[in-house]
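# Structure at a glance
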Amino acid sequence: MRSQKPKLDRHRVHNSKDEPHCYICLEEGSDESGQLLMRGCSCRGESAGFGHVSCIVRYAEQKSLNSSLDLDEFKEPWEVCTICHQAYMNKLAVKLTTEFVTFVKENFPEDQLRQLVAHNSKLGVLPSTQENEYAAKQILSIIEQMKTSESFIPP
């Protein structure tokens with residue numbers, strides 16, 4: 001896996017319930033790469049639901065690697081907040097689905113079905129842009145490859 005666990009800065013660890021902090025690492029402020037806390041779900045309150053993208057990605061990678069063959073279980077940590085159980089939205093959703101596509105390409109390069117699921121996830125959160133068109137073309141390309149693959153058996 002390409003993500004590494006961020007080092008914990010003991011001086012930045014969350015001490016107050018009123019300050020936004022990452023619900024995974026419990027740190028306030030930005031992560032080691034300088035990325036600020038984000039919240040893109042239905043959590044409410046001054047501190048609920050904030051997370052570093054790097055922490056959410058690391059969590060999602062672990063959940064996906066430990067999931068069964070069930071594709072819904074495989075994609076859920078990339079799409080749904082573990083606190084409010086609502087779908088991620090806006091910039092956070094785009095960042096996470098972009099990371100999801102990368103994760104699947106790196107960890108499941110021969111698994112066309114998982115690649116299709118990841119690209120479809122990304123397509124579902126993108127506004128109409130060139131990136132949206134690229135994701136749609138990737139999906140169509142994977143489907144064409146699946147059609148010609150002798151080993152593919154539809155679910």
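Structure: above.
Here's what I pulled together on the structure shown here. (Residues numbered from 1 in each chain as written. Predicted model: local features only at pLDDT ≥ 70, side-chain atom pairs only at ≥ 80, totals over all residues. Heavy atoms only, no water.)

A few words now on the overall build of the protein. Each helix and strand in the protein was counted, giving five helices and zero strands. Every one of the 155 residues in the protein was classed for burial, and the buried ones make up 37%. By sequence separation, contacts in the protein at least 24 residues apart represent 52% of the contacts at least 6 residues apart. (Helix = DSSP H or I, 4+ residues; strand = E, 2+ residues; numbered from the N terminus. Buried < 20%, exposed > 50% of the residue type's maximum accessible area, 1.4 Å probe, protein only. Contact = heavy atoms within 4.5 Å.)

Compared with the 26 Å implied by 1.5 Å per residue over 18 residues, the 26 Å span of helix 3 (residues 90–107) between its first and last C-alpha is a close match. Packed against the buried residues of helix 3 are helix 1 (53–65), helix 2 (71–79) and helix 4 (112–125). (Expected span 1.5 Å × (residues − 1).)

Remark: the centre distance and the inter-plane angle together describe each pair of aromatic rings, the angle taken between the planes. Enumeration over the complete set of coordinates arrives at six aromatic pairs. Here the aromatic rings of Phe74 and Phe108 are separated by 5.4 Å at their centres, their planes lie at 85 degrees, and the arrangement is edge-to-face. Of this pair, Phe74 sits in helix 2 while Phe108 sits in the loop between helix 3 and helix 4, and the two are 34 residues apart along the sequence. Across the pair, exposure class does not vary: Phe74 and Phe108 are buried alike. By way of ring pairs, the aromatic residues Phe74, Trp78, Phe100, Phe103 and Phe108 are connected into one cluster. One residue, Arg114, lies across the ring of Phe74, its end atom 4.2 Å from the ring centre. Between Arg114 and the ring centre of Phe108, over which it is positioned, the NZ or CZ distance is 5.2 Å. (Phe/Tyr/Trp six-rings, centres within 6.5 Å; stacked < 30°, edge-to-face > 60°. Lys NZ or Arg CZ within 6 Å of the ring centre and 35° of its normal.)

Within the largest apolar cluster, 22 residues are counted, with the highest numbers of intra-cluster contacts made by Tyr88, Leu92, Leu96, Phe100, Phe103 and Val104. For this core, the leading source of residues is helix 3, giving seven residues. With near-sequence residues (within four places) excluded, Leu92 lies in contact with Met38, Arg39, Gly40, Val53 and Ile56. By size, the runner-up hydrophobic cluster in this structure holds five residues, among which are Cys22, Cys25, Leu37 and Cys55. (Core = buried A, V, L, I, M, F, W, Y, C linked by side-chain atoms within 4.5 Å.)

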